[in-house]
2 protein chains.
Amino acid sequence: MPTTKTINLKQRPQGRPTLNDFDQSTAEVATPQDGELLVKLAYVSVDPYLRGRMSDAPSYIPPFEIGKPMASGVIAEVVESKHDKFKPGDYVSGTLPWKVTQVVKAKDLLKVDKSQAPLSAYLGVLGMTGLTAYLGLTEIGKPKAGETLLVSGAAGAVGSVVGQIGKILGLRVVGIAGTDDKVDMLKNEFGFDAGINYNTTKNMSKAIAEGCPDGVDVYFDNVGGDISDAALFNINKFSRTVNCGAISVYNNTELPKSISVQPFLVRKSSSMQGFIVFDYADKYPAAIQQLAQWLQQDKLTHTETVRDGFETIPQAFLDLFDGKNTGKMVVKL
Amino acid sequence: MPTTKTINLKQRPQGRPTLNDFDQSTAEVATPQDGELLVKLAYVSVDPYLRGRMSDAPSYIPPFEIGKPMASGVIAEVVESKHDKFKPGDYVSGTLPWKVTQVVKAKDLLKVDKSQAPLSAYLGVLGMTGLTAYLGLTEIGKPKAGETLLVSGAAGAVGSVVGQIGKILGLRVVGIAGTDDKVDMLKNEFGFDAGINYNTTKNMSKAIAEGCPDGVDVYFDNVGGDISDAALFNINKFSRTVNCGAISVYNNTELPKSISVQPFLVRKSSSMQGFIVFDYADKYPAAIQQLAQWLQQDKLTHTETVRDGFETIPQAFLDLFDGKNTGKMVVKL
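Note on numbering: residues in each chain are counted from 1, in written sequence order. Chains and ligands are labelled sequentially in the order written, the chains with letters from A and the ligands with numbers from 1. Only residues with pLDDT of 70 or above have their local features reported here, since the model is predicted, and side-chain atom pairs are shown and tallied only from 80 upward, although totals for entire chains, interfaces and linings are computed over all residues. The side-chain figures draw on all heavy atoms in the structure; neither hydrogens nor water molecules are used.

We now examine the side chain of Ser 120 of chain A. Checked against the element boundaries, Ser 120 of chain A lands in the loop between β7 (110-112) and α2 (128-141). Note on definitions: a residue-residue contact is assigned when non-hydrogen atoms from the two residues lie within 4.5 Å. Excluding residues within four positions of it along the chain, Ser 120 of chain A makes contact with Tyr 43, His 302, Glu 304 and Val 330 of chain A. Put simply, DSSP H or I for four residues or longer makes a helix, DSSP E for two residues or longer makes a strand, and each gets a number counted from the N terminus.

See below:
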């Protein structure tokens with residue numbers, strides 16, 4: 001039987017993951033049966049939420065198993081098909097283990113159209129990233145034109161799309177990112193009204209106040225931690241915080257502490273709401289249609305950081321925690 | 001001109017207020033003109049939110065002025081009337097300064113019906129307290145029969161009503177209070193399914209888990225601080241926290257810190273929402289009708305702690321922070 005390379009979870013990380021938490025091995029590749037496809041990975045998505053699945057704390061998705069391949073969103077090419085609707089050369093998207101070639105059930109995959117958008121966009125603006133940005137902002141943030149939107153992790157995969165959608169919807173959009181280059185990009189490429197470099201800003205609360213002179217109506221929060229503490233001081237009455245992620249504390253080994261949000265929420269009649277995109281699965285079709293339309297109208301830019309080669313997946317994932325990506329981080333095989 | 005006694009804010013408290021922050025003086029009482037009433041206070045409400053108005057930090061209502069009387073919800077008797085709709089002997093409710101007798105504009109007051117409920121109930125279950133409990137629980141908590149409701153400050157004015165409404169709506173209701181007597185009262189008088197004494201419980205998170213074997217769907221939070229940290233570990237997917245108050249940290253002189261809520265909210269697709277009852281003013285009439293009906297049907301108990309005499313107002317207020325009240329704390333003149 002032919003074999004393929006895999007990348008596995010070697011051990012559960014304590015705190016920040018390192019390359020030692022991963023290893024590579026080989027696995028046998030079966031022959032596709034009826035209803036199955038033999039596929040070869042083309043693009044692999046790495047995302048902060050995978051950190052959660054590396055631990056065995058109870059969460060919304062089961063943890064990865066030690067000694068087995070990790071998994072994430074991928075684009076794959078069909079090599080051999082035992083299903084009517086797919087033929088060799090087709091591209092599909094889905095959540096698959098980190099194995100270069102593998103046999104999968106066709107029903108778990110979605111065909112993607114290479115002619116409509118670059119393949120990797122289906123991991124980004126037309127995939128979970130875009131859906132997370134769009135559905136989080138509209139369903140929870142409920143923005144109204146003229147309001148102010150603050151985005152943390154603004155140069156990241158989700159944040160950069162959130163900000164662009166904010167501009168389409170007529171908001172003042174202010175982004176927080178970790179380098180001057182990223183802040184420039186927020187303003188020059190994504191159309192943000194203002195940007196804040198949290199690594200060079202001493203008083204974040206004051207910087208947010210300056211960037212958001214009318215206060216913050218919607219805070220799209222990808223990071224948690226100190227940055228979100230600073231945001232609290234600037235929320236308006238009836239503000240909505242969209243809790244998409246808390247990457248700044250995902251690697252903490254002790255429970256992170258923050259300024260108590262309760263008095264702020266009471267005083268400002270404000271809300272915080274966490275979510276994962278699957279909560280809104282019934283709204284995917286309409287959302288994808290809207291995102292594809294904006295992409296074709298050039299109202300949305302698809303920005304990504306592409307790493308090369310299956311072996312680079314663990315490092316690409318680790319680099320998310322240093323903010324080394326701009327836009328969606330993907331690995332091309 | 002006749003004079004009357006007043007209770008004033010002497011100085012802004014640092015941290016926990018003390019009797020030294022108040023003083024008494026006298027003020028002249030004018031003669032009522034057209035559209036005005038001369039009234040005499042009958043019951044004065046003391047409430048945790050007044051602590052906020054003693055500071056000059058920006059908040060949803062302006063701060064009290066130093067050297068001037070404080071103010072709160074009251075029931076007053078009409079002594080003299082220059083308005084068609086009121087006559088001597090009528091009772092009215094409204095927010096008035098702490099002055100025994102005073103002239104007020106009739107349009108700022110509401111007549112209350114002594115035959116329908118005890119007068120002080122209009123400061124409690126039929127007043128802001130009941131409205132806060134009912135509107136917070138239904139509008140934000142959005143409880144569904146069969147779900148579990150956790151209430152902190154459960155023996156307090158709002159909490160005790162929240163729990164009773166929870167039972168009416170078919171929820172499992174678990175309350176947190178500070179003495180065994182209060183916990184007994186939660187179960188025996190208010191119909192709570194279980195109660196937890198936070199002063200004698202070492203592991204609050206575990207105690208909540210035991211009291212809420214199916215997890216917490218709605219958390220009605222009056223206290224914030226450590227108790228709310230413990231609640232976080234027990235929230236269910238899609239849980240709703242109603243942030244009504246944070247009395248445990250109102251007297252902190254430094255910004256209180258808590259466990260970061262963001263990772264919990266993300267992991268559990270859960271929300272927290274602060275409010276004040278005025279946010280839902282358009283829903284008062286229907287809410288009062290519902291509360292009055294339940295009161296008449298004996299489904300709701302009106303519980304209060306009554307102190308005697310105008311001079312006891314400051315101490316009654318201070319005692320809220322030691323949880324010395326059961327149900328609504330009022331002062332009878």
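Turning next to the interface of chain A and chain B. At the interface, 37 residues of chain A touch 37 residues of chain B. By buried area we mean how much accessible surface two parts lose on assembly, using a 1.4 Å probe and totalling the loss over both. When chain A packs against chain B, close to 2900 Å² is buried across both sides, 60% of that on carbon and sulfur atoms. Salt bridge, as applied in this entry: a Lys or Arg side-chain nitrogen positioned within 4 Å of an Asp or Glu carboxyl oxygen. Between Lys 237 of chain B and Asp 279 of chain A there is a salt bridge, with its nearest N and O atoms 3.2 Å apart. Where the side of chain A that touches chain B is concerned, the elements lending two or more residues are β12 (235-243), β13 (257-259), α7 (262-267) and β14 (271-274) of chain A. Taken together, the residues that form the side of chain A that touches chain B break down as 19 nonpolar, 13 polar and five charged. When β14 of chain A meets strand β14 (residues 271-274) of chain B, the two strands line up antiparallel, connected through three bridges. Its bridge partner lying in β14 of chain B, Ser 271 of chain A is registered against Gln 273 of chain B. Residues are grouped as follows: Ala, Val, Leu, Ile, Met, Phe, Trp, Tyr, Cys and Pro are nonpolar; Asp, Glu, Lys and Arg are charged; every other residue, Gly included, is polar. At least two DSSP bridges between two strands are needed for those strands to be called paired.

All names here are of chain B. Along the chain, the position of Ile 227 falls in helix α6 (residues 225-232). Relative accessible area serves as the criterion here: at 11%, Ile 227 is assigned to the buried category. In this structure, the C-alpha to C-alpha distance between Ile 227 and Gly 94, residues 133 residues apart in sequence, is 33 Å. Dropping the residues within four chain positions of it, Ile 227 is found in contact with Ser 152, Ile 176, Tyr 198, Ile 208 and Tyr 219. For every residue, the accessible area obtained with a 1.4 Å probe (protein chains only) is divided by the maximum for its type, and the residue is called buried under 20%, exposed over 50%, and partly exposed between those limits.

For the rest of this paragraph, the subject is the pairing of strand β11 (residues 216-221) of chain B. Residue and element names in this part refer to chain B. Of all six residues that make up β11, six are buried, and the element is covered over most of its length. Bridge count between strand β8 (residues 148-152) and β11: three bridges; the pairing is parallel. Residue pairing across strands places Leu 149 opposite Val 218, the latter belonging to β11. As paired strands, β11 and strand β12 (residues 235-243) are joined by five bridges and run parallel to one another. Counterpart to Asp 221 in the pairing with β12 is Asn 243. Viewed along the sheet, the connection from β11 through α6 into β12 turns out right-handed. Handedness is read with the strands pointing away from the viewer; a crossover is right-handed when the path from the first strand over the helix to the second is clockwise.

All names here are of chain A. Partitioning chain A into structural domains gives domain 1 (3-124 + 302-332) and domain 2 (128-278). With centres defined by C-alpha atoms, the gap from domain 1 to domain 2 works out at 28 Å. Of the residues lining the interface, 18 residues belong to domain 1; the matching set on domain 2 comes to 15 residues. Together, the buried faces of domain 1 and domain 2 total about 1300 Å²; carbon and sulfur atoms form 60% of this surface. For the interface between domain 1 and domain 2, the tally reads zero salt bridges. Residue ranges assigned to the domains are those given by an automatic or database domain assignment.

Taken together, twelve strands build an open sheet; the order of strands is β10(A)-β9(A)-β8(A)-β11(A)-β12(A)-β14(A)-β14(B)-β12(B)-β11(B)-β8(B)-β9(B)-β10(B) and the sheet is mixed. Each having just a single partner strand, β10 (194-197) of chain A together with β10 (194-197) of chain B make up the two edges of the open sheet. Going across the sheet, the axis of each strand differs from the next one's by a mean of 15 degrees, ignoring polarity. Sheet strands touched by helix α4 (residues 180-188) of chain B: β9 (172-177) and β10 of chain B. Its angle to β10 of chain B, the strand with the most contacts, is close to 170 degrees. Axis lines are fitted through C-alpha atoms, for helices just across the contact stretch, and the angle between N-to-C directions can take any value from 0 to 180 degrees.

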